[in-house]
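An overview of the molecular structure
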Amino acid sequence: MAMKQIFDVIIVGAGHAGCEAAAASARLGVNTLLLTANYDTIGQMSCNPAIGGLAKGHLVKEIDALDGVMGRITDKAGLQFRMLNQSKGPAVRGPRAQCDRQLYRDAMRAEMEATPNLTIKQAMVDDIMLNANGEAETVITNTGWEFSAKSIVLTTGTFLRGLIHIGDNQHNAGRAGEQASMKLSDTLMRLEFKLGRLKTGTPPRLDTRTIDYSKFEVQAGDDTPQPFSFLTESLPQAQLPCHVTYTNPEVHRIIRENLHRAPMYAGNIEGTGPRYCPSIEDKVVRFAEKENHQIFLEPEGYDSIEVYPNGISTSLPIDVQTAIIHNIAGLENTEIIRAGYAIEYDYINPTELRHTLETKKIPNLFLAGQINGTTGYEEAAAQGLMAGLNAALKANNKPFFTLDRADAYIGVLIDDLVTRGTTEPYRMFTSRAEYRLILRADNADLRLTAKGEEIGCIGRIRSEKFKQRLNDITTARDVLASIKVNPHTEVGKAIAEASGGYKDTQDLLTILRRPQISLEMLQEWFSEINNLATHAVEQLDIESHYGGYLDRQNKEIENFRLEAELEIPVDMDYESIPGLSREVCEKLKAHTPATLATAGRISGITPAALTTLLVHIKRM
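In what follows, the accompanying structure is described.

How each quantity is defined
Residues numbered from 1 in each chain as written. Predicted model: local features only at pLDDT ≥ 70, side-chain atom pairs only at ≥ 80, totals over all residues. Heavy atoms only, no water. Helix = DSSP H or I, 4+ residues; strand = E, 2+ residues; numbered from the N terminus. Rg over C-alpha atoms; globule rule 2.2 N^0.38 Å. Buried < 20%, exposed > 50% of the residue type's maximum accessible area, 1.4 Å probe, protein only. Contact = heavy atoms within 4.5 Å. Pairing = 2+ DSSP bridges. Axes fitted to C-alpha atoms, helices over the stretch in contact; angles between N-to-C directions. Core = buried A, V, L, I, M, F, W, Y, C linked by side-chain atoms within 4.5 Å. Phe/Tyr/Trp six-rings, centres within 6.5 Å; stacked < 30°, edge-to-face > 60°. Lys NZ or Arg CZ within 6 Å of the ring centre and 35° of its normal. Polar contact = N/O pair within 3.5 Å; in protein donor to acceptor, adjacent residues only side chain to side chain. Parallel < 35°, antiparallel > 145°, perpendicular 65-115°, else oblique. Left-handed = near helix turned anticlockwise from the far one by under 90°. Nonpolar A, V, L, I, M, F, W, Y, C, P; charged D, E, K, R; others polar. Expected span 1.5 Å × (residues − 1).

What to know about the overall build of the protein chain
Across its full length, the protein chain carries 21 helices and 24 strands. A compact globule built from 620 residues would reach a C-alpha radius of gyration of about 25 Å, and the protein chain, at 26 Å, matches this within 12%. Dimensions of the protein chain, computed from the C-alpha atoms along their principal axes, are close to 85 × 70 × 50 Å. When each of the 620 residues of the protein chain is scored for burial, the buried share is 56%. Of the contacts made within the protein chain by residues no fewer than 6 positions apart, 72% connect residues no fewer than 24 positions apart.

Okay, structure coming up:
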C-alpha cells in the first residue's frame, strides 16, 4: 500500500527553478515539499558554472529584490565578478559571476535545508493524478510515496525524456550521470499537453594541469567586485582569472570534415537548439567566413582541476573533440576529463500557461524553467520564483502576483513566453525589454521590493535593509537639492566652463542633469557629497543624467498600463465579432489573452484586428 502525505505546495525538481520556487513558496508560510530525483545535486550547475551576464544579470537582481536566493548564493560561491558593458549606459550593464560549482551546489543545498516550512525528499515523480474537479492534486513517485497538495509546480529541466548524444552514441539521461524522467512525459501527453522537443549542449571539461596558460590572454575580474545581492556587504573571497583563446582554420577544417558524424547534421537530433548559444560545429557552418571563434577558459572551482571551455559546446565524437582541443594553441597536450554532449528533452509550449504560470488546461498545476522552453539558469530561476509564489498564494486562496513588461525583466520573460510561445530555447536579452531604461539592474529593489512586501515574501532583514536604502536616497536627494551654486562663484564658473554656461543659481540635482557634469566632478568640488551613501548618490546620478529619457519612458508606461487594464472577458465569443478573420479568431481562442495589451503581442494579431476588438469590448 502506497504511503501518502499531504502538503500545501509540491515542487517537482530541485534545479534553479525548483529551488527558487520552493524557497518562494515556503517564504509565504505554506507547508512546502521539494522533490528531487537526486538529493546530492540540489542546485547543480549542469552547464557553465556562471551566473548573470547581459539581461540575465538583471533577472538575478530582480529575483534578489523579491528575496529570492540565487543572488545570495552566487555571492557566496563566486570566484570572479565582472560588470559587463561597464563603459556603456546603466540600462545595459550586466553583472556576471564565475562560480565555484561545488560551493554553489553546497550553499544552495544548505539554504534549502535551513528554509522554514520546507521539506525535502528524494524521489522521482512518475505520474500526476487529478481530483474529481479535474484539478492537479497528487503526485505518484517511483519510491512508493504519494504526495497530495493544493498546488503542484513542475520544474523538470532537461529531464523529460532526456536523450544525450555524443557522436553516434545515445543514451537516456536527465544530464550526464543522472536518470531521465520517462514516465512523466507520458503523463503530460495523457493530460493532453502538446509536447515539443528542444536541444541544448555543453563543451568537454579540461584538466587544468595539462593546459599551457602562457599562450592565453588573461581576463581578470573587476578591481572592485560588485555583489549580486542587495544584502551582501562585501566579497572578501579571492578573485581567480579566466583566460581567452581562439579556434583556428585547422580546427574548422577538422570540424567540417567530421560534420557527417555530428548528431545534428547526421539527422539524429530532432530538437531545436539555442540560436544564440550554438555548438562549435554550428558556428563553423553558419559563420563559414570567420577564421576563428573566441573561447573563454573558466575555472570550475577553487580546488577543482576542471576547466570549462566556454564557446566550444559540441556533440561530436570524442576522438573529434580531442582533435579539436589539441589543435588550439595552449591546449596541445590537454586531457579531456568529461566529454561534451548534446541533450534533447521535452517541453510544453508556454502558450498553454497563464501569466501566473498556472496551466490553462489543469488548474493548480504550474510550470517553470526549461519545461516552458527557456534556456539558462537565470530564466529558470525567475520563472521558479513566480510559479512558487503563485502556487503558494493559490493554496492560501489569495490573489495572484504578476509582473508586467514595465515592472521587470521577469515580466518581459513571462509575457513573451505565454503570449508568443517559442519553438527554440528562449534566452533573455536587453533588447526584448521596451522599457529597459527603467528596468535597470541597479534599481531592481526600488522597483520590486515594496511589491514583495505587499504579498509577504520579503523577510525582516531585507525589509530593514530596503528601508535604510530608501532613507539614504532621500537624505542624498535633500542634500543635493539644498546646495545652491551661484554662477558667479569660482565653482559656478568652473561648472559653466565645463557645461556651456548658465545664468541662474541652481541646485546640484539640476546641475547634475547636464551631460558634461559628472558625479566625480561634484564630489571633488563639494565635500559634503562624500559623506553620503555611495549607492544613493550613484542612483541620483543615473536619475539626473537620464532624467529626460526616464520621463518620456514613464509616459510610455502610463499609456501601456491604460491599454493593459482593458480586460477581455474569459468567455469572449471571438467568432461573433464582425470584422475578425478566422485566423485571428483561432489565435485569440488558442491564447485566451487576458487584456487588449496581451492580445496585441500575439504573433499575427494586426492593429486593425485590435481596433475591432477594442470597439467591441467598449460596446459590451
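So much for the structure itself; the text now carries on.
A closer look at the sheet that holds strand β13 (residues 169-172)
Strand order across the open sheet formed by 4 strands is β13-β12-β21-β14, with antiparallel pairing between neighbours. Because the sheet does not close on itself, it has two edges, and the strands there are β13 and β14 (195-202). Along the sheet, successive strands turn relative to each other by an average axial angle of 25 degrees, direction set aside. Taken together, the 4 bridges between strand β12 (residues 163-166) and β13 define a ladder with antiparallel strand orientation. Its bridge partner being in β13, H165 is matched across the sheet by Q170.

Overview of the nonpolar core
M112, L154 and I410 are the most contacted members of the largest nonpolar core, which totals 107 residues. Counting residues per element, this core draws most heavily on helix α10 (residues 377-395), which supplies 12 residues. Once residues lying within four places of it in the same chain are set aside, the contact partners of L154 are V12, I128, L184, L188, L365, F366, L367, A368 and I371. I483, I495, Y502 and L509 belong to the second-largest nonpolar core, a separate cluster that totals 21 residues.

A short note on the packing of aromatic side chains
What the rule picks out here adds up to 4 aromatic pairs. Aromatic pair W145 and F147: ring centres 5.7 Å apart, planes at 50 degrees, arrangement tilted. Each residue in the set F7, W145 and F147 is aromatic and connected to the rest through ring pairs, giving one cluster. In this structure, K61 is placed above the aromatic ring of F230, and the distance from its NZ or CZ to the ring centre is 4.2 Å. Positioned above the aromatic ring of Y426 is the side chain of R432, whose terminal nitrogen or guanidinium carbon lies 4.1 Å from the ring centre.

Description of the pairing of strand β6 (residues 94-99)
Counting buried positions along β6 gives 6 out of 6 residues, so the element sits mostly inside the fold. In β6, alternate side chains face the same way, and those of G94, R96 and Q98 on one face and P95, A97 and C99 on the other are all buried. When strand β5 (residues 78-84) meets β6, the two strands line up antiparallel, connected through 6 bridges. The partner of R82 across the bridge, within β6, is R96.

Comments concerning the sheet that holds strand β7 (residues 118-122)
In any sheet, the strands associate via hydrogen bonds between backbone groups, in a parallel or an antiparallel arrangement. What the 5 strands build is an open sheet, ordered β7-β3-β2-β11-β22; its pairing is parallel. With partners counted over all chains shown, the strands left at the sheet margins are β7 and β22 (365-367), one partner each. If you compare each strand with its neighbour and ignore which way they point, the axes differ by 20 degrees on average. Two elements, strand β2 (residues 9-12) and strand β11 (residues 151-154), share 4 bridges in a ladder whose sense is parallel. Opposite V9, over in β11, you have S151 as the bridge partner.

Considering the side chain of R96
Note that R96 resides in strand β6. For R96, a relative accessible area of 15% puts it in the buried group. Of note is the side chain of R96, whose polar atom sits 3.3 Å from the side chain of Q98. Ignoring anything within four residues of it in the chain, the contact list for R96 reads N48, A50, I51, G52, G53, Q80, F81, R82, L84, F228, E298 and N310.

Concerning the packing of helix α3 (residues 70-77) against helix α4 (residues 101-113)
One can describe the packing of α3 onto α4 by two numbers: an axis separation of 9 Å at closest approach and a directional angle of 135 degrees. Comparing their axes, α4 and α3 come out oblique. Note on packing geometry: the crossing formed by α3 with α4 is right-handed. On α4, the residues touching M70, R72, I73, T74, K76 and A77 of α3 are L103, Y104, A107, M108 and E111. Grouping the constituent residues of the contact of α3 with α4 by class yields 7 nonpolar, 1 polar and 3 charged.

Considerations on the environment of L103
On the secondary structure map, L103 appears in helix α4. C-alpha of L103 to C-alpha of T74: the two residues are 29 residues apart in sequence and 9.3 Å apart in space. Residues within four places of L103 in sequence aside, it is in contact with A77 and Y302.

Notes on the pairing of strand β10 (residues 145-148)
Where strand β1 (residues 3-6) meets β10, 4 bridges bridge the pair, whose relative direction is parallel. Each residue of the ladder has a partner; that of I6, found in β10, is S148. One ladder, built from 3 bridges, connects strand β9 (residues 136-141) with β10; its direction is antiparallel. Across the sheet, V139 pairs through a bridge with F147, a residue of β10.

A closer look at the side chain of T32
If you trace the backbone, T32 turns up in strand β3 (residues 32-36). A relative accessible area of 0% means that T32 is categorised as buried. Not counting the four nearest positions on each side in its chain, T32 is found in contact with F7, V9, I11, A22, S25, A26, N117, L118 and T119.

As for helix α17 (residues 534-545)
Side chains that are three or four residues apart share a direction in an α-helix, a result of its 3.6 residues per turn. Compared with an ideal rise of 1.5 Å per residue, which puts 12 residues at 16 Å, α17 spans 17 Å between its outermost C-alpha atoms and is within 8% of the ideal. A536, V537, Q539, L540, D541, I542 and S544 are the residues of α17 that are buried.

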